[in-house]
Amino acid sequence: MNAYITGSSLVCNIGDNKQDIISNLKNISPKTYKENLQEILKDKTFYKIYDYDYSNEKRFQKILEKVVLDAVKEAKLSKEEQEDLHIFLGSTSMEMGTNEQFKDEFDNGLSNLEFKNIGNGAIGQYVERLLSSKHKATLFSTACTSSVNALAYAAKMIEKKKIKRAIVIGFELFNKSTFGGFSSLMLLSQSKIYRPFDKNSDGIILGEGCSAVILENEKKEENNFKYISSSNICDNYSETTSDPSGTPIFEAMNSALKNAKLQVKDLDCIKAHATGSENNNSSEAKALAQLFNSYEEKTQVTALKPILGHTLGACGTNEIVLMLEAIKNSFLPATFGFEEAIDDLAFTPILEHKPCENKQTILLNYVAFGGNNSSIILSNKD
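The structure contained in this document is the topic of the report that follows. (Residues numbered from 1 in each chain as written. Predicted model: local features only at pLDDT ≥ 70, side-chain atom pairs only at ≥ 80, totals over all residues. Heavy atoms only, no water.)

1. Looking at the overall build of the chain
Part 1 of the reasoning: Within the chain one finds twelve helices and twelve strands.
Part 2 of the reasoning: For the chain, the spread of C-alpha atoms along the principal axes amounts to about 60 × 50 × 40 Å.
Part 3 of the reasoning: The buried share of the chain, taken over its 382 residues, is 59%.
Part 4 of the reasoning: Accessible surface, the chain: about 16100 Å² in total, of which carbon and sulfur atoms supply 46%.
Part 5 of the reasoning: Charge-centre separation for the chain: the mean point of 43 positive side chains lies 5 Å from the mean point of 50 negative side chains. (Helix = DSSP H or I, 4+ residues; strand = E, 2+ residues; numbered from the N terminus. Buried < 20%, exposed > 50% of the residue type's maximum accessible area, 1.4 Å probe, protein only. Areas by Shrake-Rupley, 256 points an atom, 1.4 Å probe, with all protein chains shown as cover. Lys, Arg positive; Asp, Glu negative; His and termini not counted. Charge placed at Lys NZ, Arg CZ, Asp CG, Glu CD.)

2. Considerations on the sheet that holds strand β8 (residues 300-303)
Part 1 of the reasoning: Across the sheet, which stays open at both edges, the ten strands sit in the order β3-β2-β4-β5-β1-β6-β12-β11-β7-β8 with mixed pairing between neighbours. The strands lining the two open edges of the sheet, one partner per strand, are β3 (138-140) and β8. Adjacent strand axes in the sheet meet at a mean angle of 25° when their direction is disregarded.
Part 2 of the reasoning: With seven bridges joining them, strand β1 (residues 4-11) and strand β5 (residues 209-216) adopt antiparallel strand pairing. Directly across from S9, in β5, lies its bridge partner A212.
Part 3 of the reasoning: Against the sheet, helix α10 (residues 278-295) engages β7 (269-272), β8 and β11 (361-367), with an angle of about 160° to β7. (Pairing = 2+ DSSP bridges. Axes fitted to C-alpha atoms, helices over the stretch in contact; angles between N-to-C directions. Contact = heavy atoms within 4.5 Å.)

3. Digging into the nonpolar core
Part 1 of the reasoning: L215, I320, I376 and L378 are the most contacted members of the largest nonpolar core, which has 66 residues in total.
Part 2 of the reasoning: A total of eight residues in this core trace back to one element, the largest contributor, which is helix α12 (residues 315-328).
Part 3 of the reasoning: Every residue in contact with I376, bar those within four places of it in the chain, is listed here: V148, L151, Y227, S229, S230, I320, I362, L363, L364 and Y366.
Part 4 of the reasoning: Of all hydrophobic cores here, the second largest spans 29 residues; its members include V72, I123, L173 and A212. (Core = buried A, V, L, I, M, F, W, Y, C linked by side-chain atoms within 4.5 Å.)

4. Some remarks on the pattern of salt bridges
Part 1 of the reasoning: All chains considered together, the criterion is met by 21 salt bridges.
Part 2 of the reasoning: In this structure, E74 engages K18 in a salt bridge whose closest nitrogen and oxygen atoms are separated by 2.8 Å. One end of the pair, E74, is in helix α3 (residues 56-74); the other, K18, is in helix α1 (residues 18-26), and 56 residues separate them in sequence.
Part 3 of the reasoning: Residue K18 is classed as buried on the basis of its relative accessible area, which comes to 11%.
Part 4 of the reasoning: The salt bridge partner of K381 is D268, with a shortest N-O separation of 2.9 Å. Placement of K381 in the segment after β12 (372-379) and of D268 in the loop between α9 (247-260) and β7 is noted, with a sequence separation of 113 residues between them.
Part 5 of the reasoning: The buried category is assigned to D268, whose relative accessible area is 18%.
Part 6 of the reasoning: Within the structure, one salt-bridge network assembled from shared partners comprises E81, D84, R165, E216 and K220. (Salt bridge = Lys/Arg side-chain N within 4 Å of Asp/Glu carboxyl O.)

5. A word on the packing of helix α7 (residues 146-159) against α12
Part 1 of the reasoning: α12 packs onto α7 with a crossing angle of 75° between their chain directions and a minimal axis gap of 5 Å. The orientation of α7 relative to α12 falls into the category roughly perpendicular. Contacts between α7 and α12 involve S147, V148 and L151 from the former and C315, G316, T317 and I320 from the latter.
Part 2 of the reasoning: The residue inventory of the contact of α7 with α12, partitioned by class, reads four nonpolar, three polar and no charged. (Parallel < 35°, antiparallel > 145°, perpendicular 65-115°, else oblique. Nonpolar A, V, L, I, M, F, W, Y, C, P; charged D, E, K, R; others polar.)

6. Quick look at unusual backbone geometry
Part 1 of the reasoning: If you check the backbone angles, S330 has positive phi at about 65° while not being a glycine.
Part 2 of the reasoning: Note on placement: S330 falls in the loop between α12 and β9 (331-332).
Part 3 of the reasoning: The exposure class assigned to S330 is partly exposed, which follows from its relative accessible area of 33%.
Part 4 of the reasoning: Here the phi dihedral of D344 falls at roughly 60°; this positive angle occurs in a residue that is not glycine.
Part 5 of the reasoning: Here D344 shows up in the loop between β9 and β10 (354-355).

Function-wise, these values are silent; they only describe arrangement.
As structure tokens, this is what we get:
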């Protein structure tokens, strides 16, 4: 049994529907990238979702509702199929922003309620009600691999005939705690330019994003992508940095290839995690060099965080939806912000949007705080 992506949706900094997102992405070039960033980051060094001006709680619900219903609509699910969706959620901050608002109102005497909820079960319950699902939601919180781990788990459940269909949701919205935490670690870019694998990179830029992916055991359209394999490898070097050798990241990518019985030459592109931090730039670059050296072959590499910002636990599904939609529109996205390679970089990332066939096999790579590394392979080739 196979697991196919039959519907998807994304709300992010450059749009709240895939048609607008792809149109806006096509209009970004290496020349206009810095100009766009100045506008995007004029209020805060943060990639914000626009046009959802509500209270934190209502904003959270509106964005979540948008991605869920858009994905269900694209998958053309019947009422019975919608109710049979198993729900998998991946996030780092969950409802932290909503609880911050409740706490502020409590401290200012505007409310008697100090917290909205203790724990995160209410998020799952909200989606269950939204879909009239017969099933309880499962939440994943493994830092930046949260939603890709959720997707891989759901796909394996379908492969093993435990379930027929699932919705996987990745979500990350602004909250002061996360922003302040990354700032205190001195990981945020001061130059306000995202530069993956670049010698002049000075850190990451966080962002908001929310996406949903529908997985089913049968394809509905010829170009539906199929889950091929995945791998999850834990790196015990440090809580906040990857092993400088890059070996655990290499092992995640290599294991995904071996599980799929594929080689590097079978991949049309690798989507790097590419946060832009000094440690990730170096360790992931070494991991990719190990991969290419091990197979004595290379493939194309790109990075999507200069487009979306680093959306933490949601980056798995966010970047999958963006990457697959670009491919369906016959191009591979450029790695913006890259100008001068770090030392010993074994590749040059895609520098301008590159035309491609809309049948591709891709490996997407993710590296998380706490040492959780995940790689996933998707393909819509016959």
